[in-house]
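Chain by chain, the residues:
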Amino acid sequence: KAGVTQTPRYLIKTRGQQVTLSCSPISGHRSVSWYQQTPGQGLQFLFEYFSETQRNKGNFPGRFSGRQFSNSRSEMNVSTLELGDSALYLCASSPQRDSGGADTQYFGPGTRLTVL
Amino acid sequence: AQSVTQLGSHVSVSEGALVLLRCNYSSSVPPYLFWYVQYPNQGLQLLLKYTSAATLVKGINGFEAEFKKSETSFHLTKPSAHMSDAAEYFCAVTRILTGGGNKLTFGTGTQLKVEL
């Protein structure tokens, strides 16, 4: 099976702009989670989507949003970019075979966002 | 709240020597614990996962980890380091969320250096 793919891999934007990142999960996986990785804050959970609905959300401002499509592909959007949004954004998918247990999350290669 | 603490942000070993990366967890319920590895400019790759089936968990690339409830630890070991093991290693804990799904909480990471 193909792994999690993320596009683009690298992105440069300026302050105030908005950006959309894309994630295609492993075939058959229904849950998609997003994480932000920075040197200062480490890996932090942004949100999780399941069945086209945001099921869980981390502690990030409303400028960070996302959505999931019927084929489980997901996008995240960051509006009004700030310098501090420069980070590696990682997408992870998991099967979510049932409502219990802790499904393993499989990560994509990430999108490196640089805000100038 | 669940958390993990990784002792030692940098660990250096000689090729062929034992690798020991430390992780302690804090959880009010039986935890699900993970070790991931990240190579430069890549996403996270799952090394192994603890789900209470067995206290000694074997992973990929010769790594294993032992869950010790009395010590609240989940240290990662490998008997003989290889140059290709040089990477950053993350310990993570997850909890099942009320509405379903789960989110990973990561440690701050340990950079492993392997010297000749």
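Structure: above.
Read on for an overview of the structure. Note that the coordinates shown come from a computational prediction; the quantities given were computed from them, not determined experimentally.

**Quick notes on the overall build of chain B**
Counting its secondary structure elements, chain B contains zero helices and eleven strands. Helices and strands in chain B line up, N terminus first, as β-β-β-β-β-β-β-β-β-β-β. The C-alpha atoms of chain B give 14 Å as radius of gyration, which agrees with the globular expectation for 116 residues (13 Å, within 12%). Counting only C-alpha atoms, chain B reaches 50 × 30 × 20 Å along its principal axes.

**Notes on the pairing of strand β5 (residues 42–50) of chain A**
All names here are of chain A. Among the nine residues that make up β5, seven are buried, leaving the element largely enclosed by the rest of the structure. With eight bridges connecting them, strand β4 (residues 31–38) and β5 associate as antiparallel partners. Paired with V32 across the strands is Y49, a residue of β5. Taken together, β4 and the strand that follows it, β5, pair antiparallel across an intervening segment of three residues.

**Re the sheet that holds strand β6 (residues 56–58) of chain B**
All names here are of chain B. An order of β1-β3-β8-β7-β6 is seen for the five strands of this open sheet, with the pairing classed as antiparallel. Strands with a single pairing partner mark the edges of an open sheet, and in this sheet they are β1 (3–7) and β6. Here the strands of the sheet are splayed against their neighbours by 20° on average, with no regard to which way each runs. Bridge analysis of β6 against strand β7 (residues 64–68) gives three bridges, and the strand direction is antiparallel. Across the sheet, residue V57 finds its bridge partner in β7, namely A65.

**Description of unusual backbone geometry**
Comment: phi is negative for the bulk of residues other than glycine, and the bulk of peptide bonds are trans. Residue and element names in this part refer to chain A. P8 follows T7 through a cis peptide bond whose omega is -15°. Located in the positive-phi region is S51, a residue other than glycine, with phi close to 50°. Mapped onto the elements, S51 comes out in the loop between β5 and β6 (53–57). Positive phi is not limited to glycine here, since T80 has a value of about 45°. Along the chain, T80 turns up in the loop between β8 (74–78) and β9 (87–94).

**Concerning the pattern of salt bridges**
All told, the structure shown has eight salt bridges over all chains when counted by the stated rule. As a salt-bridge pair, D85 of chain B and K78 of chain B come within 2.9 Å of each other at their nearest N and O atoms. A residue is classified by how much of its surface remains accessible, and D85 of chain B, at 3% relative accessible area, is buried. By relative accessible area, which is 10% here, K78 of chain B ends up buried. Bridged by salt links that share partners, the residues R63, E82 and D85 of chain A form one connected network.

Calculation criteria
Residues numbered from 1 in each chain as written. Chains lettered and ligands numbered in written order. Predicted model: local features only at pLDDT ≥ 70, side-chain atom pairs only at ≥ 80, totals over all residues. Heavy atoms only, no water. Helix = DSSP H or I, 4+ residues; strand = E, 2+ residues; numbered from the N terminus. Rg over C-alpha atoms; globule rule 2.2 N^0.38 Å. Buried < 20%, exposed > 50% of the residue type's maximum accessible area, 1.4 Å probe, protein only. Pairing = 2+ DSSP bridges. Axes fitted to C-alpha atoms, helices over the stretch in contact; angles between N-to-C directions. Salt bridge = Lys/Arg side-chain N within 4 Å of Asp/Glu carboxyl O.

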